[in-house]
Amino acid sequence: ATEIHLKYDTCTSDRIQRIHAAGLRSMAWLRGPIGMKDAVTSKYFDVGNEDETMYDVLLRSGVQSICGNRPEVIVKVVESQGRRINWTAGSSFDEEKKSEDWTLIALKT
């Protein structure tokens, strides 16, 4: 393994630091509504509530990539922190339109 994928609410600074100290990369994921209708309506009530505060806290944990549902918000938060996005890391996000149903956004290290 070269990367650990964590559900967003398990990304603590301590956990992320331990992952990086072990020589691994980190990625946070958030539940996606497509294909997960039952889980979304009965278990994961936070889908669709991805806002600037959520992404800011997640990014400050030190996570290196985010697979989220509101890429335009992720981009805004990343840019407000003066960070850059590595668009060559497999993103399905349209940088010019700054929109997509979901995306994997990798941060430049």
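Whatever comes next refers back to the structure up there.
Trainee: Explain the overall build of the protein here, please?
Mentor: In terms of regular secondary structure, the protein is built from four helices and five strands. Ordering the α and β elements of the protein from the N terminus gives β-α-β-α-α-β-α-β-β. Buried positions account for 37% of the 109 residues belonging to the protein. For the protein, restricting intrachain contacts to residue pairs at least 6 apart in sequence, the fraction spanning at least 24 positions comes to 48%.

Trainee: Looking at this structure, how should I read the side chain of S26?
Mentor: Here S26 is to be found in strand β2 (residues 25–29). Side-chain polar atoms of S26 contact the side chain of H20, separated by 2.8 Å. Discounting residues that sit within four places of it in the chain, S26 has contacts with E3, I4, I16, I19, H20, G62, V63, Q64 and S65.

Trainee: Quick question: what am I supposed to make of the environment of I85 here?
Mentor: Here I85 is to be found in strand β4 (residues 85–86). Taking the C-alpha atoms as reference points, I85 and V75, separated by ten residues in sequence, lie 8.0 Å from one another.

Trainee: I keep staring at helix α3 (residues 52–60) and nothing clicks. Help me out?
Mentor: In an α-helix, one full turn covers 3.6 residues, which means residues spaced three or four apart are oriented alike. Along α3, the residues classified as buried are M54, Y55, L58 and L59. All buried residues of α3 project into a common sector of 125° when viewed along the axis, lining one side. Away from its buried face, by an angle of more than 90 degrees, α3 presents the exposed residues T53, V57 and R60. In the stretch just after α3, G62 is the one whose phi turns positive, near 100°.

Trainee: I tried to follow the pairing of β2 on my own but got confused; where do I start?
Mentor: Along any regular strand, the residues point their side chains to alternate faces of the sheet. As paired elements, strand β1 (residues 3–7) and β2 share five bridges and run parallel to each other. Looking across to β2, one finds that H5 is bridged to M27. Two elements, β2 and strand β3 (residues 65–68), share three bridges in a ladder whose sense is parallel. Counted as the bridge partner of M27 is S65 from β3.

Calculation notes
Residues numbered from 1 in each chain as written. Predicted model: local features only at pLDDT ≥ 70, side-chain atom pairs only at ≥ 80, totals over all residues. Heavy atoms only, no water. Helix = DSSP H or I, 4+ residues; strand = E, 2+ residues; numbered from the N terminus. Buried < 20%, exposed > 50% of the residue type's maximum accessible area, 1.4 Å probe, protein only. Contact = heavy atoms within 4.5 Å. Polar contact = N/O pair within 3.5 Å; in protein donor to acceptor, adjacent residues only side chain to side chain. Arc of directions from axis to C-beta. Pairing = 2+ DSSP bridges.

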